Amino acid sequence: MKILVLPGDGIGPEITQATLAVLDRANAKFKLGLEWEHDEMGLVTLAKEGTTCPPRILDKARAAAGVLLGPVSHNDYPPREQGGVNPSGEFRVKLDLYANIRPAKSRLGVGLTGKPVDLVIFRECTEGFYADRNMFMGLGEFMPTEDMAISLRRVTAKCCERIARRAFESAMTRRKKVTAVHKANVLRISDALFLREVRKVAKDFPDVELDEKIVDAMAALLVRDPSKFDVIVTGNMFGDILSDEASEISGSLGLAGSVNAGDELCVAQAQHGSAPDIAGKDKANPISLILSAAMLLEWLGRRHKSAACTEAAQKIEAAVDSALKDPATRTADMGGKLGTQAFAKVVAEKLG
């Protein structure tokens, strides 16, 4: 199986190198048969080719079994018409990677609230309020006058149904509870459509409890007691915000994996940004991308019925947890002394 590797911007090349060190060890130990195909995107290709996301990248992604995508500095990109295309949004829309799956787990015992966290957020990420991905042509926000800006929100039954189904399928393998997060008390049409589709899907999973929460209440409840939640399903913007909150509550955004998955392809991408201020200093914590890569292996295991991929994913996660238990084998941001590559070496060695 061929995996497309795109290092991205800022700390991207460093944490990608670290992640590949772990994947190389897993590939050899579990005989996964993975091959790496390397290419570039982001600020590097903007300077060389005039665009942050060359068309060949999407073609290569379609032909690959999976993608390892480093963080991007999209806030530093020029306007789209000048080549500044956000690869994350482009991948999600053009490759129909509708499910942004973001687990939050307190790997150091308890989270910042003093209570354990073990939940996963299923965020629909191809529509909603995100202006770069909710229109067939053009952008979903515009300015009729210099003093007026309008943003559009797109919600479709198809996208709501499929993200809800993925969430309920996940809940069947966990604690069998799904919480649908919405703002239907204000967005009475679009979020009512979302809830309608979630409730339809729920009927196909009678063993799974369906809970519904308004988004502002949900933000507070996550802080009060995150242990009450199992699988959360929501739209693009709410999911983006709540997943960062949940990950931070669990211990750190840097400890959370993330994948963007469709029916045919899965892309592993760290939850955090490109952190250009520490780029090239061997200070970046690579855990998020390592765990994202493990999630990619888990997805490949299900899709290709590969027990080896599934086992490798479990062992990588266990190796990360083992490294975190000892302060001597943590990165500096977690109270340790190891750099990016040294931490990856420890995790690789723990795989055997």
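These figures come from a predicted structure and were not determined experimentally. (Residues numbered from 1 in each chain as written. Predicted model: local features only at pLDDT ≥ 70, side-chain atom pairs only at ≥ 80, totals over all residues. Heavy atoms only, no water.)

**Re a nonpolar patch on the surface**
Our working definition: Residues enter patches when they are more than 30% accessible in relative terms and free of salt bridges; like-charged ones are connected within 9 Å and nonpolar ones (Val, Leu, Ile, Met, Phe, Trp, Tyr) within 5 Å. In this description, accessible areas are obtained by the Shrake-Rupley approach with a 1.4 Å probe, and a residue is regarded as covered only by the protein chains that are shown. Criterion for a salt bridge: a side-chain nitrogen of Lys or Arg within 4 Å of a carboxyl oxygen of Asp or Glu. Counting from the N terminus, the helices are DSSP H or I runs at least four residues long and the strands are E runs at least two residues long.
Among the surface-exposed residues, Met 135, Phe 142 and Leu 152 lie close enough to one another that they form a single nonpolar patch of about 240 Å² accessible area. Take Phe 142: it is sitting in strand β6 (residues 141–145).

**Let's talk about the pattern of salt bridges**
Short version of the rule: Each residue gets one of three labels from its accessible area relative to the maximum for its type: buried under 20%, exposed over 50%, partly exposed in between, using a 1.4 Å probe on protein chains only.
This structure, assessed with the given rule, holds 33 salt bridges. Two residues, Glu 127 and Arg 154, come together in a salt bridge whose shortest N-O distance is 3.2 Å. Placement of Glu 127 in the loop between β5 (118–124) and β6 and of Arg 154 in the loop between β7 (148–151) and α5 (157–171) is noted, with a sequence separation of 27 residues between them. Taking the shortest distance from any N to any O, the salt bridge between Arg 166 and Asp 263 comes out at 3.8 Å. You can see Arg 166 sitting in helix α5 and its partner Asp 263 sitting in the loop between β11 (259–261) and β12 (266–269), a full 97 residues away along the chain. Judged by relative accessible area, which is 45%, Asp 263 ranks as partly exposed. What emerges from the salt-bridge pattern is a single network uniting Glu 37, Asp 39, Glu 49, Arg 56 and Lys 60.

**With respect to the nonpolar core**
Let me state the cut-off plainly: Only buried residues count toward a nonpolar core. Its members are Ala, Val, Leu, Ile, Met, Phe, Trp, Tyr and Cys residues joined through side-chain atoms within 4.5 Å. A contact between two residues is defined here by any heavy atoms of the two lying within 4.5 Å.
Within the largest apolar cluster, 72 residues are counted, with the highest numbers of intra-cluster contacts made by Leu 68, Leu 297 and Ile 316. Among the elements that take part in this core, helix α9 (residues 287–303) stands out by supplying eleven residues, more than any other. With residues up to four places along the chain from it excluded, the contact list for Ile 316 reads Val 22, Leu 23, Ala 26, Ile 290, Ala 294, Leu 297 and Leu 351. In terms of nonpolar packing, the next biggest core, distinct from the first, is built from 18 residues, Ile 57, Val 72, Leu 97 and Leu 265 among them.

**Some details on the sheet that holds strand β10 (residues 231–234)**
Convention followed: Pairs of strands are assigned from DSSP output, requiring at least two bridges between the strands. Orientation is described by axes fitted as lines to C-alpha atoms, over the contacting stretch for helices, and by angles from 0 to 180 degrees between their N-to-C directions.
The strand order β2-β1-β3-β12-β11-β4-β5-β10-β8-β9 describes an open sheet built from ten strands, whose pairing is mixed. Each edge of the open sheet carries a strand with a single partner, namely β2 (35–38) and β9 (209–214). This sheet shows a mean twist of 25 degrees between the axes of neighbouring strands, independent of strand direction. Here strand β8 (residues 177–182) pairs with β9 via six bridges, running parallel. Bridging from a neighbouring strand, His 182 pairs with Ile 214 of β9. Packed onto the sheet, α5 meets β4 (99–105), β5, β8, β9 and β10 and runs at close to 165 degrees relative to β5.

**Section: the packing of aromatic side chains**
In this description, a pair of aromatic rings is defined by centroid distance and the angle of the planes. Formally: For Phe, Tyr and Trp, where Trp contributes only its six-membered ring, two rings pair if their centres lie within 6.5 Å, and the inter-plane angle classes them as stacked under 30 degrees, edge-to-face over 60, or tilted in between. Should the NZ of a Lys or the CZ of an Arg lie within 6 Å of a ring centre and within 35 degrees of the ring normal, that charge is described as sitting over the ring.
In the structure shown here, the tally under the stated rule is one aromatic pair. The ring centre of Phe 30 lies 5.7 Å from the NZ or CZ of Lys 29, which sits over that ring.

**Some points on the layout of surface pockets**
Our working definition: With a 1 Å grid spanning the protein atoms alone, the term cavity applies to any set of points in which a 1.4 Å probe fits but cannot get out, the term pocket to an open set with protein on both sides within 12 Å along at least five of seven lines, and the term lining residue to any residue with an atom within 4 Å of a point. Grid points are joined across faces, edges and corners, and a volume is the space filled by probe spheres set on the points. Nonpolar residues are Ala, Val, Leu, Ile, Met, Phe, Trp, Tyr, Cys and Pro. Charged residues are Asp, Glu, Lys and Arg, and all others, Gly as well, are polar.
Looking at the largest pocket, its volume works out to about 1000 Å³. Forming the boundary of the largest pocket are 36 residues, of which Ile 101, Ser 170, Met 295, Glu 298 and Arg 302 lie nearest the centre. Among the elements of the structure, β4, β5, α5, β11, α9 and α10 (307–325) are those that each provide at least two residues to the lining of the largest pocket. Looking at the lining of the largest pocket, the element that brings in the most residues is α9, giving seven residues. For the lining of the largest pocket, the per-class residue count stands at 18 nonpolar, seven polar and eleven charged. Here the second largest pocket defines a volume of roughly 630 Å³. For the second largest pocket, the lining is made up of 32 residues, of which Val 72, His 74, Asn 86, Ser 88 and Arg 133 are closest to its centre. Elements supplying a minimum of two residues to the lining of the second largest pocket: α4 (87–94) and α8 (236–250).

All we've got here are geometric facts, nothing functional implied.
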